[in-house]
Amino acid sequence: DTGVSQDPRHKITKRGQNVTFRCDPISEHNRLYWYRQTLGQGPEFLTYFQNEAQLEKSRLLSDRFSAERPKGSFSTLEIQRTEQGDSAMYLCASSFGLGSNQPQHFGDGTRLSIL
Amino acid sequence: RKEVEQDPGPFNVPEGATVAFNCTYSNSASQSFFWYRQDCRKEPKLLMSVYSSGNEDGRFTAQLNRASQYISLLIRDSKLSDSATYLCVVNMNTGFQKLVFGTGTRLLVSP
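Here the structure is a predicted model, which means the values were calculated and not measured. (Residues numbered from 1 in each chain as written. Chains lettered and ligands numbered in written order. Predicted model: local features only at pLDDT ≥ 70, side-chain atom pairs only at ≥ 80, totals over all residues. Heavy atoms only, no water.)

K.L.:
Just checking my understanding: could you explain the nonpolar core for this structure?
P.N.:
The biggest cluster of nonpolar side chains holds 24 residues, and the ones touching the most others in it are B:Phe21, B:Trp35, B:Ile71, B:Leu73, B:Ile75, B:Tyr86 and B:Leu107. If you list the elements that add at least two residues to this core, you get strand S3 (19-25), strand S4 (32-38), strand S5 (45-50), strand S7 (60-65), strand S8 (70-75), strand S9 (84-91) and strand S11 (105-110) of chain B. In terms of nonpolar packing, the next biggest core, distinct from the first, is built from 19 residues, A:Val19, A:Leu46, A:Leu61 and A:Ile114 among them. (Core = buried A, V, L, I, M, F, W, Y, C linked by side-chain atoms within 4.5 Å. Buried < 20%, exposed > 50% of the residue type's maximum accessible area, 1.4 Å probe, protein only. Helix = DSSP H or I, 4+ residues; strand = E, 2+ residues; numbered from the N terminus.)

Next comes the structure, spelled out in structure tokens:
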């Protein structure tokens, strides 16, 4: 399967712990996006990378959140000092090309539960 | 006011029925529009793009009214497999797809 891959699928941790998620986009996709989805809501945009450059960050991405895409391939999303409100599904998506018409392909997501 | 508003449903319809979903968006500068489908505990998947001229893909028809800032999705001859949440999605950006999702409308198709 050459789709977007996310790891882990599920993460359960205690409040205050740090967590890191990984996303492997579709090969050669230069654009990568992170979203967060809570129950009963649609996904919310968090951040966007074009190759290794992080070009846009949502105000939802507080100082406790950091995302990287060091070589323009896989990306990591780290949450420090997790809080109950961080419990959500974290979705990664990738697309190829320039402009705004290329569809985004989503991964299965990482479901985070904070105890 | 939410940027993208949808009726959360659920819409309960029998197999074979025609069902329509509506969506409104608040930002008149929105660039492009989509319907995504999301099954329970799965990732969203692009169903179709929405164009001002309207577009059809099999049993699915999407319409856009820029003047009224309104988007619709029509599903004809509903199948059990159409049961899912349908997300109305708006792209706010010209340089890349900065997608804003509605809360989704849940559809349940029964035998």
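After that view of the structure, there is still more to cover.
K.L.:
Would you mind going over the state of the cysteines with me for this structure?
P.N.:
A covalent bond between the sulfur atoms of two cysteines is what we call a disulfide. Across all of its chains, the model carries two disulfides over all chains by this definition. The disulfide partner of A:Cys23 is A:Cys92, and the S-S distance across this bridge is 1.9 Å. Judged by the sign of its S-S torsion, about -70°, the bond between A:Cys23 and A:Cys92 is left-handed. Of this pair, A:Cys23 sits in strand S3 (residues 19-24) while A:Cys92 sits in strand S9 (residues 88-95); the two residues are 69 residues apart in sequence, bridging distant segments of the chain. For B:Cys23, the disulfide goes to B:Cys88, at an S-S distance of 2.0 Å. Around the S-S axis, the bridge from B:Cys23 to B:Cys88 shows a dihedral of about -75° and counts as left-handed. Of the two residues, B:Cys23 is situated in strand S3 and B:Cys88 in strand S9; the sequence distance between them amounts to 65 residues. Taken individually, B:Cys23 and B:Cys88 each receive the classification buried, so the pair is uniform in this respect. (Disulfide = S-S within 2.5 Å.)

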